[in-house]
Amino acid sequence: MQDTDKLIADKMARHGLPEAAVRAFLHGVEGLRRHAKMVVNEAEISPASNLPVWEELVAATPAAGAELLSQAVLIKLNGGLGTSMGLQQAKSLLEIKPGVTFLDLIVRQVCALREQAGCHVQLLLMNSFSTSEDTLTHLRRYADFADAAEVELMQNRVPKLEQESLRPVEFPAQPELEWCPPGHGDIFPALAGSGWLERLLARGIKYAFVSNSDNLGAQMDVHFLRWFAESGAPFVMEVTPRTEADKKGGHLAVRREDGQLILREVAQCPEADVPAFQDITRHRFFNTNNLWIRLDVLRDYMEAHGGVVPLPVICNAKHVNPRDASTPAVFQLETAMGAAIECFAGARAVCVPRSRFFPVKTCSDLLLLRSDAVEIDPAGCMQLAPECGGVAPIVSLDPAVYKLVDSLRELGVPSLKHVRRLIVRGPHSFTPGEPLSGEVEVSGGAAARCSE
């Protein structure tokens, strides 16, 4: 084991990865060997309940002023390419409205906060090796965000491991395939190893709001920032009620042994417990990946735990070339940052409205955002059109036809602000702005069938 760990550490060091990343990865490897925390049985947990409600907290809390906002950093996870949607660039460069990308709206939101508070509000983008160049090139159009050293937090990468030996795989034919992303749990070693954690604290910044760059609902709320600062909680997770569409995603729970909040992913669920895992009336809340973190507490915690946040490891069995089953079988290890909720005593969860969770994973999601059902205000904040009555239309596009972003050009963008559900089966073409209402279904290019 020691020889294997040395091989891993040496390989990561040769490729310039910081010691914090090496320690975190070796912790995951040891967890894999011991099967540590890889299974969470239903008998060990209770459903989470009686959570504070976002709307009530923000209504009762004054807005944060310049003093608090100057102590806050907005961190956006920006490492994804969106290859499942046919993209070969950073997913945050997708256009949401004509000429406006996710990244443009993130910049607009930060500028609005700075103007509102009259102080500097820090933005960090956690880029990957795949997204860094495209992202930084796009940001050069904004003078205040053109300095890469002031806006980029670089994600680490980790070696794929041979399944039999757990040694780092060697694949000389395509050496880039020897590496994989570490999951967004990498934010902790990335902050520490890059020096950003100490830099932020030295600047008096101790409140971090972290979210995915493709989630336009995740905006830094000035009322909640004050609540978080005054609560004394080291870590707060935004959760929202699960629906049938979310039953396979991770859920919040309470560990019976000590009452600690935890996040259980499907990979940690034994087969016999899957029905309970997917029971949305039992486990009612899922993680939106919007997190609030006290950076001073994070630093102290990592110093007390050997420089790592000991997250449960998620092990994915693959081939070194995922498209070629004849190549060596490997494990890809990753961690989820939300799992850190179990590491901090006093960590809390808050139930937020679904509007705080608006990610774009499919072309169905993107069509909704491009429609008039979603409005973007001058501050870059997303909200549903008043006609929606607070409930987003459900859009379901035929995945066989509308898997890739380019396919939306032929489809067109109809008016959806009066729609409850839109189903498109087969190829179709809408007139831009074509008014639809109620329950709408189109099939094979036929005229839309509407029902109120």
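These lines cover the structure that appears in this document, whether it is placed above or below. Everything numeric in this text was worked out from a predicted model, so none of it was measured.

### Some words on the overall build of the protein
And step 1. Within the protein, the secondary structure is distributed over 13 helices and 23 strands.
And step 2. Overall, the C-alpha framework of the protein stretches about 65 × 55 × 50 Å when taken along its three principal axes.
And step 3. Looking at the protein residue by residue over its 452 residues, the buried ones come to 53%.
And step 4. The long-range share in the protein, meaning contacts at least 24 apart out of those at least 6 apart in sequence, stands at 72%.
And step 5. In the protein, 45 positive and 56 negative side-chain charges are present, and the distance between their average locations comes to 1 Å.

### A word on the sheet that holds strand 16 (residues 329-334)
And step 1. If you trace the three strands from one edge of the open sheet to the other, you get 8-16-15, paired in antiparallel fashion. Among the strands making up the open sheet, the edge pair consists of strand 8 (161-162) and strand 15 (314-319).
And step 2. In this fold helix 2 (residues 19-34) packs onto strand 8, strand 15 and strand 16, with an angle of close to 120° to the strand it touches most, strand 16.

### Focus on helix 11 (residues 295-304)
And step 1. Considered for burial, the residues of helix 11 that qualify are Leu295, Asp296, Leu298, Tyr301 and Met302.
And step 2. Looking at the packing, one finds that the buried side of helix 11 touches strand 2 (72-78), helix 7 (187-194), helix 8 (196-202), strand 10 (207-212) and strand 14 (285-294).
And step 3. Positive backbone phi, at 65°, marks Gly306, one or two positions downstream of helix 11.

### Observations concerning the environment of Ala20
And step 1. With respect to the helices and strands, Ala20 occurs in helix 2.
And step 2. Excluding residues within four positions of it along the chain, Ala20 makes contact with Pro189, Ala192 and Gly193.

### So, the packing of aromatic side chains
And step 1. Summed over the entire model, instances satisfying the criterion amount to nine aromatic pairs.
And step 2. Between Phe286 and Phe357, the aromatic rings sit 5.0 Å apart at their centres with planes inclined by 75°, giving edge-to-face as the arrangement. Here Phe286, found in strand 14, pairs with Phe357, found in the loop between strand 17 (348-351) and helix 12 (363-370); they are 71 residues apart in sequence, far enough to count as distant.
And step 3. Given a relative accessible area of 18%, Phe357 falls into the buried group.
And step 4. Counting every residue linked through ring pairs, the aromatic cluster contains Trp54, Tyr207, Phe209, Phe224, Trp227, Phe228 and Trp292.

### Describing unusual backbone geometry
And step 1. Non-glycine residue Leu166 carries a positive phi angle of around 65°.
And step 2. Along the polypeptide, Leu166 turns up in the loop between strand 8 and strand 9 (179-180).

### Overview of the pairing of strand 12 (residues 251-255)
And step 1. Note that strand 1 (residues 45-47) and strand 12 share three bridges and pair antiparallel. Among the inter-strand pairings, Pro47 is bridged to a residue of strand 12, identified as Ala253.
And step 2. When strand 12 meets strand 13 (residues 261-264), the two strands line up antiparallel, connected through four bridges. Bridging from a neighbouring strand, Leu252 pairs with Leu263 of strand 13.

### Concerning the nonpolar core
And step 1. Ile187, Phe188, Leu252 and Leu298 are the most contacted members of the largest nonpolar core, which totals 43 residues.
And step 2. Those residues in contact with Leu252 that sit more than four places away from it in its chain are Ala48, Leu51, Met237, Val239, Leu261, Ile262, Leu263, His283, Phe285, Ile341 and Ala349.
And step 3. If you look at the next biggest cluster of nonpolar residues, it comprises 39 residues, including Val121, Leu125, Val236 and Val352.

### Overview of the pattern of salt bridges
And step 1. A full pass over the atoms with the stated rule returns 26 salt bridges.
And step 2. A salt bridge links Arg34 to Glu30; the nearest nitrogen and oxygen atoms lie 3.4 Å apart. Of the two residues, Arg34 and Glu30 are both situated in helix 2; the distance of four residues between them amounts to about one turn of the helix.
And step 3. With a relative accessible area of 51%, Arg34 lands in the exposed category.

### Points about the side chain of Gln332
And step 1. With respect to the secondary-structure elements, Gln332 resides in strand 16.
And step 2. Apart from the residues lying within four places of it in its own chain, the contact partners of Gln332 are Lys160, Cys180, Ile314, Cys315, Asn316 and Lys318.

### Here we look at the side chain of Thr135
And step 1. Within the element layout of this structure, Thr135 appears in helix 6 (residues 132-139).
And step 2. Overall, Thr135 belongs to the buried group, its relative accessible area being 0%.
And step 3. When residues no more than four places from it in sequence are discounted, the contact partners of Thr135 are Asn78, Ala90, Ser92, Leu103, Leu125 and Asn127.

### Comments concerning the packing of helix 5 (residues 102-117) against helix 6
And step 1. Where helix 5 meets helix 6, the axes come as close as 11 Å, and the angle between the chain directions of the two elements is 55°. In terms of orientation, helix 5 lies oblique with respect to helix 6. The two elements helix 5 and helix 6 meet at a crossing, and its hand is right-handed. Two secondary-structure elements touch here, helix 5 through Leu103, Asp104 and Val107 and helix 6 through Thr135, His138 and Leu139.
And step 2. Residue composition of the contact of helix 5 with helix 6, by class: three nonpolar, two polar and one charged.

How each quantity is defined
- Residues numbered from 1 in each chain as written.
- Predicted model: local features only at pLDDT ≥ 70, side-chain atom pairs only at ≥ 80, totals over all residues.
- Heavy atoms only, no water.
- Helix = DSSP H or I, 4+ residues; strand = E, 2+ residues; numbered from the N terminus.
- Buried < 20%, exposed > 50% of the residue type's maximum accessible area, 1.4 Å probe, protein only.
- Contact = heavy atoms within 4.5 Å.
- Lys, Arg positive; Asp, Glu negative; His and termini not counted.
- Charge placed at Lys NZ, Arg CZ, Asp CG, Glu CD.
- Pairing = 2+ DSSP bridges.
- Axes fitted to C-alpha atoms, helices over the stretch in contact; angles between N-to-C directions.
- Phe/Tyr/Trp six-rings, centres within 6.5 Å; stacked < 30°, edge-to-face > 60°.
- Core = buried A, V, L, I, M, F, W, Y, C linked by side-chain atoms within 4.5 Å.
- Salt bridge = Lys/Arg side-chain N within 4 Å of Asp/Glu carboxyl O.
- Parallel < 35°, antiparallel > 145°, perpendicular 65-115°, else oblique.
- Left-handed = near helix turned anticlockwise from the far one by under 90°.
- Nonpolar A, V, L, I, M, F, W, Y, C, P; charged D, E, K, R; others polar.

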